[in-house]
Amino acid sequence: MKAIAIVPGRPETAGVVDLPEPPTSDGSLLVRTRLIGICGTDVEIAVEGHGTPPPGTEWLVLGHESLGEVEDAPEGSGFSPGDLVAGVVRRPDPLPCPACAADEWDMCRTGGFVERGIKAQHGYGSERFRVDPRFAVRLDPALGDLGVLLEPTSVVAKAWDHVEQIGARAWFEPKVALITGAGPIGLLAALLARQRGLETHVADLVTAGAKPELVANLGAYYHSEPVAELPIEPDVVIECTGVGEVVMDATRLAAPGGVVALAGISHSEDLAEVRLDAMNKALVLGNKTLFGTVNAARRHYDQAAEALAQADPNWLARLITRRLPPEAWATALRKRPEDIKIVVDMAAGA
Ligand SMILES: [Zn+2]
């Protein structure tokens, strides 16, 4: 069967490889793959060599953002043929570490976890994959192809879950949210902010393309001016750019008691100097919290599946801006300005 694969760090090797059927050791559910989402992590694997192939091979099958249909499920697995599912990315540290033992592999203390399509295990980017029912998430059948957005949504579901748990340390009734960065993660974070009934502001540099309208269609406000100049006092910030200056400005802008979630990493070569003393003062005197967040636990996937089921499917559909056959997946490594989410149709040309 066909799989989209690469030798990490060698973008010229990006292509399609022929693989044997998925091993039963991957799990008892057999899934026919529909779509694979491509994101910044895949670009890092390809270009910067992040990511590790499974032991004994130099190739890594990509695909940590998955969507497929169950083809075969054992009795008592809770799944049936035809179910629409996506796979969880991370697998707990086999030790396991205390966090992984509590099923919070997203909070792993040892770094001994593996990740499908990223770290030491092939991804879901083959015509069929196998997954353990524990790591499969059922999607509302009405979502169809939009279910490919589950994994990026799980990342923002975790950010919101942790914001709310941190906020609960004291009186906390958030009314205003700021999302910095209007890529797929930022737009999905804005969707979840609106689902919570918050007055939502999204800041990004671009003034053209689909992003401003997508934000407006959520009933949120789009800003292209510098974050420091925004006339708002957000109770919650979901920071998706990873740019030091934006982190700093958003933290200072946040309301007293505000919670700032850092969900982005910048790949900019030019590392900005940030006045940490000023940021420290803003955090201390404002009782503000700045925290980092990555990946997602099982419950965040379930929260994400619920959030997608409640969203306007026409809005979600506009996030998918390019659909490629497997043979052309490498073109996804060069993002165009109008791209939001690029997906690979694993059934195309089959
Ligand atoms: Zn762990």
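Describing the coordination of the zinc ion
In this structure, Cys97 (SG), Cys100 (SG) and Cys108 (SG) serve as the protein donors to the zinc ion, at separations of 2.1 to 2.2 Å. Counting along the primary sequence, the residues that act as donors to the zinc ion give the motif C-x2-C-x7-C. Judged by relative accessible area, which is 2%, Cys100 ranks as buried.

Looking at the nonpolar core
If you look at the biggest cluster of nonpolar residues, it comprises 88 residues, and the most contacted ones within it are Leu150, Trp160, Val163, Ile238, Leu316, Leu319 and Trp329. Per element, the largest residue contribution to this core is seven residues, and it comes from helix 4 (residues 184-195). Once residues within four sequence positions are removed from consideration, Ile238 is found in contact with Ala159, Trp160, Val163, Leu178, Ile179, Thr180, Ala189 and Ala261. Residues Leu178, Leu230, Ala250 and Leu253 belong to the second largest nonpolar core, which totals eleven residues.

What about the layout of surface pockets?
There is about 210 Å³ of room inside the second largest pocket. Lining the second largest pocket are 16 residues, and of these Leu19, Pro22, Pro23, Asp26 and His122 lie nearest its centre. Among the elements that make up the lining of the second largest pocket, the one with the highest residue count is strand 10 (residues 128-131) (three residues).

Conventions and cut-offs
- In this convention, every chain numbers its residues from 1, walking through the sequence in written order.
- For a predicted model such as this one, the threshold for reporting local features is a pLDDT of at least 70, and the threshold for listing and counting side-chain atom pairs is 80 or more; totals across whole chains, interfaces and linings nevertheless cover every residue.
- With hydrogens and water excluded, all non-hydrogen atoms of the structure serve as input to the side-chain values.
- Listed donors are limited to N, O and S atoms within 2.8 Å of the metal, widened to 3.2 Å for Na, K and Ca; water is not among them, so incomplete-looking sites are possible.
- Between buried and exposed lies partly exposed: a residue is buried under 20% and exposed over 50% of the maximum accessible area for its type, with that area taken using a 1.4 Å probe on protein chains only.
- For our purposes a nonpolar core is just a set of buried Ala, Val, Leu, Ile, Met, Phe, Trp, Tyr and Cys residues, chained together by side-chain atoms within 4.5 Å.
- Numbered from the N terminus, helices here are DSSP runs of H or I no shorter than four residues, and strands are runs of E no shorter than two.
- Two residues qualify as a contact provided that any one of their heavy atoms is within 4.5 Å of a heavy atom in the partner residue.
- Buried and open spaces are told apart on a 1 Å grid over the protein atoms alone, a cavity being a set of points where a 1.4 Å probe fits but cannot get out and a pocket being an open set with protein on both sides within 12 Å along at least five of seven lines. Residues with an atom within 4 Å of a point are the lining residues.
- Grid points are joined across faces, edges and corners, and a volume is the space filled by probe spheres set on the points.

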